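# A structural walkthrough
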Amino acid sequence: MWRDPPGGGYKTPIHVVAMLLLVAVLALTTVVSAEDASMGPVFVKEPPNRIDFSNGTGAVVECQARGNPQPDIIWVRSDGTAVGDVPGLRQVLPNGNLVFPPFRAEDYRQEVHAQVYSCLARSPAGSVHSRDVNVRAVVAQYFEVQVYDQFAIRGNAAIFKCQVPSFVADHVDVVGWIDSNGGSYVADAQSYGSIIKTEGMHARCALCPAL
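Bear in mind the structure is a predicted one, so any value in this text is a computation, not a measurement. (Residues numbered from 1 in each chain as written. Predicted model: local features only at pLDDT ≥ 70, side-chain atom pairs only at ≥ 80, totals over all residues. Heavy atoms only, no water.)

### What to know about the confidence of the model for the chain
For clarity, the cut-off: Each residue gets a pLDDT score, which is the predictor's confidence in that residue and runs from 0 to 100. Going along the chain from the N terminus, every DSSP run of H or I of four or more residues is numbered as a helix, and every run of E of two or more is numbered as a strand. Working rule for contacts: check all heavy atoms of both residues, and any pair within 4.5 Å makes them a contact.
Confidence in the prediction of the chain, expressed as mean pLDDT, is 79, and 71% of residues score 70 or more. Per-element mean pLDDT across the chain ranges from 44 in strand 14 (residues 194–198) up to 98 in strand 7 (residues 98–100). Throughout residues 29–35 the model reports pLDDT below 50, and contacts reaching past four residues in sequence, or to other chains, amount to zero contacts. Every residue in residues 195–203 scores below 50 in pLDDT, and together they form 24 contacts with partners more than four places removed in sequence or on other chains.

Next up, the structure:
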């Protein structure tokens, strides 16, 4: 339908104007939809701040992220350089996990087993870094604990403390004490490796790894 202006002359047909508006709306919707479909990386499973393990057990550090497009998982050191595989000692799996297999004591390497790592999820839509992951491997080795004699006035209590060598102290928990008569005493969260004994009783501490 054509409409002539009151003063005469030409005017764009209404259906042409409506079609142009429709095309503009569709184009805008397409742009918005494309923007909505793209999403930067978001961690689904972020690795913990600290990983301690023994050379006999090894460890797996998990890192998973989602986004559109699906981001790649890259492990980096504290200086930002990418982490690669070290045969038998460190491996980056396709699923993003960082694996430290069990290893012999003589194969310990500080740059692998005492290192700060972080997980980087990266895609064309953006990138995100995980928190720092402090990895520390402990080589199993023989150690002895000591309990020193304590003296107390009759009727009073004496406090014995389980002395753990400093090179393993961070990886050992005191779980209980055993006296010379075979009695056992469970250490609680408040004991901190100590136990209160009355006169005439002797005890030795029992230990287990804290890994």
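Next, the rest of the story.
### A few points about the sheet that holds strand 3 (residues 59–61)
Worth spelling out the cut-off: At least two bridges found by DSSP between two strands are what make those strands a pair.
Ordered in space as 3-7-6, the three strands form an open sheet in which the pairing is antiparallel. Since the sheet does not close on itself, it has two edges, and those belong to strand 3 and strand 6 (91–92), each with one partner. In terms of strand pairing, strand 3 meets strand 7 through three bridges, oriented antiparallel. What sits directly across from V61, in strand 7, is L98.

### Some remarks on the environment of V133
With respect to the helices and strands, the residue V133 is situated in strand 10 (residues 133–138). As a C-alpha pair, V133 and C119 span 14 residues in sequence and 8.3 Å in three-dimensional space. Residues in contact with V133, not counting those within four places in the same chain, are P47, P48, N49, I51, V61, W75, Q115, V116 and Y117.

### A closer look at the packing of aromatic side chains
Each aromatic ring pair is characterised by the separation of its centres together with the angle its planes make. Note the following rule: Think of it this way: a Phe, Tyr or Trp ring, Trp meaning its six-membered ring, pairs with another when their centres are within 6.5 Å, and the plane angle makes it stacked under 30 degrees, edge-to-face over 60, tilted otherwise. Burial classes: relative accessible area under 20% of the type maximum marks a residue as buried, over 50% as exposed, and values in between as partly exposed (1.4 Å probe, protein chains only).
All chains considered together, the criterion is met by three aromatic pairs. Pairing F103 with Y108 gives two aromatic rings, centres 6.4 Å apart and planes at 40 degrees, and the pair type is tilted. Relative accessible area serves as the criterion here: at 33%, Y108 is assigned to the partly exposed category. A network of ring pairs unites the aromatic residues F53, F100 and Y117 as a single cluster.

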